[in-house]
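Architecture and fold: a report
Listed here are the chains, written in short residue letters.
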Protein chains: 2
Amino acid sequence: MSRVLNEGSGPVAPETRLRVLASIKSLHYRPHAAARELKTQSTSTIGLVVADVANEFFGQLADRVVRAARAHDLGVLLLTTQEDAVLESDSVKMLMDKRVGGIIAAPTGRNSGVWRQVTDMGVHLVFVDRTVTRVPAADIVGVDNQAAGYAATDHLIEHGHRRIAIISGPLAISTGSERVAGYRRAIQDQGLDDDDRLIFEADFRDPRGSAAVDRMLALEDPPTALVVSNTARAAAVAARLGERDVSIPEDLSLVVFHDATWAALAKPGITVIRHPMGEIADRAVDQLAKRMTEDWPERGEVIRLTSELVSRGSVATPKRGR
Amino acid sequence: MSRVLNEGSGPVAPETRLRVLASIKSLHYRPHAAARELKTQSTSTIGLVVADVANEFFGQLADRVVRAARAHDLGVLLLTTQEDAVLESDSVKMLMDKRVGGIIAAPTGRNSGVWRQVTDMGVHLVFVDRTVTRVPAADIVGVDNQAAGYAATDHLIEHGHRRIAIISGPLAISTGSERVAGYRRAIQDQGLDDDDRLIFEADFRDPRGSAAVDRMLALEDPPTALVVSNTARAAAVAARLGERDVSIPEDLSLVVFHDATWAALAKPGITVIRHPMGEIADRAVDQLAKRMTEDWPERGEVIRLTSELVSRGSVATPKRGR
DNA sequence: TTGTAAGCGTTATCAA
DNA sequence: TTGATAACGCTTACAA
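My aim in this report is to walk through the structure given alongside it, one point at a time. (Residues numbered from 1 in each chain as written. Chains lettered and ligands numbered in written order. Predicted model: local features only at pLDDT ≥ 70, side-chain atom pairs only at ≥ 80, totals over all residues. Heavy atoms only, no water.)

**Brief notes about a nonpolar patch on the surface**
A contiguous nonpolar patch, built from Leu5, Leu27 and Tyr29 of chain A and spanning about 310 Å² of accessible area, is present on the exposed surface. Tracing the sequence through the fold places tyrosine 29 of chain A in the loop between helix H2 (14-26) and helix H3 (33-40). (Patch = residues over 30% accessible without salt bridge, like charges linked within 9 Å, V, L, I, M, F, W, Y side chains within 5 Å. Areas by Shrake-Rupley, 256 points an atom, 1.4 Å probe, with all protein chains shown as cover. Salt bridge = Lys/Arg side-chain N within 4 Å of Asp/Glu carboxyl O. Helix = DSSP H or I, 4+ residues; strand = E, 2+ residues; numbered from the N terminus.)

**A few points about the pattern of salt bridges**
Residue and element names in this part refer to chain A. Summed over the entire model, instances satisfying the criterion amount to 43 salt bridges over all chains. One salt bridge connects glutamate 279 with arginine 283, and the closest N-O pair in it is separated by 4.0 Å. In this pair, glutamate 279 and arginine 283 are both assigned in helix H12 (residues 277-293), four residues apart and thus about one turn of the helix distant. We classify arginine 283 as partly exposed; its relative accessible area is 33%. Here the salt bridges share partners, and the residues they tie into one network are Asp139, Lys290, Arg291 and Glu301. (Buried < 20%, exposed > 50% of the residue type's maximum accessible area, 1.4 Å probe, protein only.)

**Structural notes on the protein's contact with DNA strand C**
Taken together, 19 residues form the shell around DNA strand C, and within it Arg3, Ala13 and Lys39 of chain A together with His32 and Arg36 of chain B come nearest. Listed by contribution, the elements that provide at least two residues to the surface near DNA strand C are H3 of chain A together with helix H1 (2-5) and helix H3 (33-40) of chain B. For the surface near DNA strand C, the leading source of residues is H3 of chain B, giving four residues. Tallied by class, the residues present in the surface near DNA strand C amount to seven nonpolar, six polar and six charged. (Near = heavy atom within 4 Å. Nonpolar A, V, L, I, M, F, W, Y, C, P; charged D, E, K, R; others polar.)

**Looking at helix H12 (residues 277-293) of chain B**
Residues and elements named next belong to chain B. For H12, which comprises 17 residues, the first-to-last C-alpha distance of 25 Å matches the rise-based estimate of 24 Å (1.5 Å per residue) to within 8%. Where H12 is concerned, the buried positions are Met277, Gly278, Ile280, Ala281, Ala284, Val285, Gln287, Leu288, Ala289 and Arg291. Summarising the contacts, the buried residues of H12 are in contact with strand S1 (45-50), helix H4 (56-71), strand S3 (102-105), strand S4 (124-128), strand S5 (139-143) and strand S11 (302-305). (Expected span 1.5 Å × (residues − 1). Contact = heavy atoms within 4.5 Å.)

**Considering the interface of chain B and chain A**
On the side of chain A, 47 residues touch chain B, which itself brings 47 residues to the contact. On the surface where chain B and chain A come into contact, there are two salt bridges. One salt bridge connects aspartate 97 of chain A with arginine 30 of chain B, and the closest N-O pair in it is separated by 3.2 Å. Remark: the boundary between chain B and chain A carries 21 residue pairs in polar contact (both at pLDDT 80 or more). Broken down by secondary-structure element, the contributors of at least two residues to the side of chain B that touches chain A are H3, H4, strand S2 (75-80), helix H5 (85-97), helix H10 (234-243) and helix H11 (261-265) of chain B. For the side of chain B that touches chain A, the element with the highest residue contribution is H4 of chain B, accounting for eight residues. Of the residues that constitute the side of chain B that touches chain A, the class distribution is 21 nonpolar, twelve polar and 14 charged. Bridging between strand S2 (residues 75-80) of chain A and S2 of chain B involves three bridges; their strand directions are antiparallel. (Polar contact = N/O pair within 3.5 Å; in protein donor to acceptor, adjacent residues only side chain to side chain. Pairing = 2+ DSSP bridges.)

**A closer look at the protein's contact with DNA strand D**
Close to DNA strand D lie 19 residues; Tyr29, His32 and Arg36 of chain A together with Ala13 and Thr16 of chain B are nearest. Within 4 Å of the protein, the contacting atoms of DNA strand D are 58% sugar and phosphate, with bases supplying the remainder. In the model, a phosphate oxygen of DNA strand D is placed 2.8 Å from a nitrogen or oxygen of the histidine 32 of chain A main chain. Contacts to DNA strand D include lysine 39 of chain B, whose side-chain N or O atom sits 2.9 Å from a base nitrogen. Listed by contribution, the elements that provide at least two residues to the surface near DNA strand D are helix H1 (2-5) and H3 of chain A together with H3 of chain B. At four residues, the largest contribution of residues to the surface near DNA strand D is made by H3 of chain A.

**Examining the relation of the copies chain B and chain A**
When chain B is brought onto chain A, the operation consists of a screw motion whose angular component is 180° and whose axial shift is 0.0 Å, with 0.1 Å RMSD remaining. Taken together, the rotation and translation describe the operation of a two-fold axis. (Least-squares fit on C-alpha atoms with pLDDT ≥ 70 in both.)

**What to know about the packing of helix H5 (residues 85-97) of chain A against helix H6 (residues 112-120) of chain A**
Residues and elements named next belong to chain A. Across the interface, H5 lies against H6 with an axial gap of 10 Å and an inter-helix angle of 15°. The orientation of H5 with respect to H6, classified from their angle, is roughly parallel. Where H5 crosses over H6, the handedness of that crossing is left-handed. Taking contact as the criterion, the partners of Glu88, Ser89, Val92 and Met96 in H5 are, on H6, Val114, Trp115 and Val118. Taken together, the residues of the contact of H5 with H6 sort by class into five nonpolar, one polar and one charged. (Axes fitted to C-alpha atoms, helices over the stretch in contact; angles between N-to-C directions. Parallel < 35°, antiparallel > 145°, perpendicular 65-115°, else oblique. Left-handed = near helix turned anticlockwise from the far one by under 90°.)

**Regarding the layout of surface pockets**
In this approach a probe as big as a water molecule rolls over the atoms, and the regions it shows empty are the leftover space. Each pocket or cavity is described by its volume, and for the second largest pocket that value is around 1,000 Å³. In terms of lining, the second largest pocket is formed by 38 residues, of which the most central are Glu37, Ser42, Thr43 and Ser44 of chain A together with Lys98 of chain B. Residue assignment for the lining of the second largest pocket shows that the elements contributing at least two residues are H3 and H12 of chain A together with H5 of chain B. At five residues, H5 of chain B tops the list of elements feeding residues into the lining of the second largest pocket. A per-class count over the lining of the second largest pocket returns twelve nonpolar, 13 polar and 13 charged. (1 Å grid on protein atoms, 1.4 Å probe; cavity = no way out; pocket = protein on both sides within 12 Å on 5 of 7 lines; lining within 4 Å. Points joined across faces, edges and corners; volume = space filled by probe spheres on them.)

**Brief notes about the nonpolar core**
Counting residues in hydrophobic clusters, the biggest one holds 92 residues, and the most contacted among them are Leu226, Leu241 and Trp262 of chain A together with Leu226, Leu241 and Trp262 of chain B. Look past the residues within four positions of leucine 241 of chain A in its chain and what remains in contact with it is Val213, Met216, Leu226, Val246, Ile248, Leu252 and Leu254 of chain A. Within the second largest apolar cluster, 60 residues are counted, among which are Val50, Leu78, Ala281 and Leu288 of chain B. (Core = buried A, V, L, I, M, F, W, Y, C linked by side-chain atoms within 4.5 Å.)

**Concerning H10 of chain B**
Along H10 of chain B, seven of the ten residues are buried, which leaves the element largely enclosed by surrounding structure. A positive phi of about 60° marks aspartate 245 of chain B, the residue just after H10 of chain B.

**Things to note about the sheet that holds S4 of chain B**
Two strands in a sheet stick together by hydrogen bonds in their backbones, pointing the same way (parallel) or opposite ways (antiparallel). Strand order in the open sheet made by the twelve strands is S11(A)-S5(A)-S4(A)-S3(A)-S1(A)-S2(A)-S2(B)-S1(B)-S3(B)-S4(B)-S5(B)-S11(B), with mixed pairing throughout. Looking along the sheet, the strands with just one partner apiece sit at the ends: strand S11 (302-305) of chain A together with S11 of chain B. On average, each strand axis in the sheet is tilted by 20° relative to the strand beside it, whichever way the strands run. Pairing analysis gives three bridges linking S4 of chain B to S5 of chain B, with the strands arranged parallel. The residue bridging valine 128 of chain B from the neighbouring strand is valine 141 of chain B, located in S5 of chain B.

Such coordinate-based values are descriptive only and should not be taken to indicate function.
Take a look at the structure:
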């Protein structure tokens, strides 16, 4: 009987409750989630849309999202975009058909319209890590990327570097442009040369991802330090640097976004910008869970967490001369 | 109208089909998945149960499973066990309530009964990477772990090592015991000393994961080579080895299971056993999709794929003397 | 306190 | 070829 499962939904005699409970046990009865959803017009599943869980960054994020969701009794439907706009909108379509209660997404950036539709149709949306414009109802949970870009660059400047390059993700993506903005601001604040040729935009899916390294090394006046703010390509960049026999930090100081396993294990250890992955995921899920119970919000909320620069051995004073 | 969506389900005039299609467009109609499921008693979602997608191994697996599932128009509900038996059975419970069409799982090994119930209730089950006993109806997709353990050990023997240690995952898990069995067989085939003190069983969740390293190093007659068949702890082991100033391969030759990013990037590169992650995922999903359309099988099928030893710089001839 | 019936959005059956 | 109707398994409102 329904009243014993959803306690509080009506009166039920203690004795009959036990009788019902007994039958449930003996018959191995389990409520049919789809039927319940159909009747109550509510779901206990949310969607998670990220680029690629093979990438440790999103893997960690997804792991924590799943864990946090469980605490709210929410299932997580995982969809990946592989940074492809078509896969992204297909993913959204599937989630809408399944009538998820909300979506946590790291958008590719090329689908504002699709995301806008999501909120227009009354499905709650929380962007994590990245954002897109023109989706006012979406909540945003992420770090202050501009500050992080600034911190990474400033850290290198403090060590005496004057020519600092950055390998960014696509500037069309919020994290890309924000981090580069922070980088630029740091360069300008210190009165350094703001040289556009030191800014490399590497596509997330660039098979070699390292073309940028070659172009950088080919510069007539190559940099003495590098910020890799493109998390997805960072390992490829490091690999290419190794192939090209660039030694770190002697030839090049290095700061990388995201504290991946390889960064801590490399010799020397790589100085990184560390994101509070657990907190990002927890806040995103909490926010979504809150939205799913409360009434529809006026505008989305922006939750900015702080990243941290973890200093290891990949940054040193630049060699003199050259 | 239903007949135009599910084409072939009934006759429909070409003209009315167009009219219906037009309304669908204009009203932004999307079929309600839950209602359809309720009626047809079928689902378009499968469950994926792995330990932990923050781990690159399962991250890669999950990524490919999601991609392959999409090709079959299947959604993936992701649940993680964190290697915890309780979380595992909770996960299964949720998946059963949601009436998924099937489950792909890397079981913790401590829940045979739960998995048995899954198949008993008519839900298709494909084990990936690992297995548990007593679930005859489950399909299994994985590599030949015993052969892999043998190959890793034999590779070290061929390089002249006589004392070879192994840090395994829990022996209660199929991969753990199989890999150790392969290791043992290689040791015995070559007439080497089969010393139990060289076999270390490190729990997947061991916070330091490196206690085994310390114990190994404390041996009066320490090994000259090490196989780390515990993928989840391999990075921690490498980190501890570094802290203890063990240089590779001079002091210790190393072979690790799973070709993680850090293994390729380390200097020297780490020799690894590489699993065909993509193929494992693809076969698992294909198998599940096949089961979901066909009739219930007699017994599960076992699909054994082959792993590959990728030689890099972490294996050398042992130093003389000692 | 308990039983009954309607209805959620589909698909399938049966008449028209 | 099409329209009406029952049923999937649940929740909920209302009657007993």
